[in-house]
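Observations on chain architecture
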Amino acid sequence: MTQLPWRRLFPGRTAVIVVGCVAVLLLFLWLFRWGFMAQPAARIASGALHRQVQVGRLSAQLLRWTPTVTLQDLRVANASWGQGQYLARVGSLTVGIEPWYLLRGRLVLSQLQIQDLQLDLQRDAQRRENWTFSSDAEKPQPQKPSKPVRLPAVKLFSMRGGSVTIVDAIRKLQFHGSVLANQQAVKPELEPLRVLGQGTLNDKPFQLTFQGSALFNLNLDLPYHFNARVVAGPLSVAVKGQGDRPFNFARFGASVDVRGQNLAGLYYLTGLALPFTPPFRFSGQLRNDDEHFSLRQLSARIGNSDLSGEIALDATATRPRLTAN
């Protein structure tokens, strides 16, 4: 039986149509001008965040292995009760996505480049936080357990001209600092992440220095090393450790050395109500696993008393639970 000609041609025509549609789609992505999407994107973000968002300009490069989007003159409004007009102002923000990780249900950014960031974080006496985006964020908030900071993994992070201001009425904290990451292009793989700043803690001047490993071509499955120091009058806290993975603040280990005039003064750093004591000093190995903290190999001296043992803290409850041996 002779096969009809159209039956022989049908598979070929289907392939031509599919290839043609793909070619048209690729040509569209190559030639499409994304600039007019700035305002629609701002409206979508404003609805999602329950806060006004402004985008000056938007550009995209989607026809590549790691699609990227760049936003310029990005502004996020402050809460109605906050001081100042904006929570965040960014001169330029470039975000690249690794699409293959999405197939495994994991968000990984190929790059995150920020220029001229001004971030103003505030918490008032009613526990309202201007970085909380929800429909009831304007109402007074009950005391609630802290949650670990979860950020997407980033293979390449850079920041130029970054500044952060923090005002916390609960902790009696005022802080202003700068964030530097891959500032120079000579050897970015050797440049550490640095946070430098100063302010007041419980009405006493304090200084913060933080330094972490370079955020350039990160291996997302290896530990991330860091060290930090806080000095507030007679109170001094030194930390040296490593996170289990970069950008994962929920799991880390560190050696700590703390000294001061009164354990009760640690409240404004830790949120723990500790007893009034004579001058103290203690050191040990700190571990955090999803807000379950442990301090082991504790060696302490409070007044004329020497102490050793272990301390555990469950910060997931409304009131943190502290146990010690």
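The paragraphs below set out a description of the structure included in this document. (Residues numbered from 1 in each chain as written. Predicted model: local features only at pLDDT ≥ 70, side-chain atom pairs only at ≥ 80, totals over all residues. Heavy atoms only, no water.)

1. Describing the pattern of salt bridges
Taken as a whole and assessed by the stated rule, the structure comprises 13 salt bridges. A salt bridge links K155 to E98, with the shortest nitrogen-to-oxygen separation between them at 3.5 Å. Highlighted residues: K155 in the loop between β5 (153-154) and β6 (157-168) and E98 in the loop between β3 (86-97) and α3 (99-102), separated in sequence by 57 residues. Its relative accessible area of 25% is what places K155 among the partly exposed residues. For E98, a relative accessible area of 12% puts it in the buried group. In this structure, a network of salt bridges that share partners links the residues D244, R251, R287, D289 and D290. (Salt bridge = Lys/Arg side-chain N within 4 Å of Asp/Glu carboxyl O. Helix = DSSP H or I, 4+ residues; strand = E, 2+ residues; numbered from the N terminus. Buried < 20%, exposed > 50% of the residue type's maximum accessible area, 1.4 Å probe, protein only.)

2. Considering the pairing of strand β16 (residues 321-324)
Where strand β15 (residues 305-314) meets β16, four bridges bridge the pair, whose relative direction is antiparallel. Across the sheet, A312 pairs through a bridge with T323, a residue of β16. (Pairing = 2+ DSSP bridges.)

3. Digging into a nonpolar patch on the surface
Together, W65, W100 and L103 make up a nonpolar patch on the protein surface, roughly 480 Å² of accessible area in all. Among the structural elements, W65 can be located in the loop between β1 (53-61) and β2 (68-77). (Patch = residues over 30% accessible without salt bridge, like charges linked within 9 Å, V, L, I, M, F, W, Y side chains within 5 Å. Areas by Shrake-Rupley, 256 points an atom, 1.4 Å probe, with all protein chains shown as cover.)

4. Let's talk about the packing of aromatic side chains
This structure, assessed with the given rule, holds seven aromatic pairs. A centroid spacing of 6.0 Å and a plane angle of 45 degrees characterise the contact between W65 and W100, whose relative ring orientation is tilted. A residue pair is termed long-range when its members are at least 10 positions apart, and W65 in the loop between β1 and β2 and W100 in helix α3 qualify at 35 residues. Residue class for W65 comes out exposed when judged on its relative accessible area of 69%. Ring centres 5.2 Å apart and planes at 85 degrees place the aromatic pair Y267 and Y268 in the edge-to-face group. According to the relative accessible area criterion, Y267 is partly exposed, its value standing at 27%. Residue classification places Y268 among the buried positions, given a relative accessible area of 17%. Taken together, the aromatic side chains of F210, F226 and F252 make up a single cluster linked through ring pairs. (Phe/Tyr/Trp six-rings, centres within 6.5 Å; stacked < 30°, edge-to-face > 60°.)

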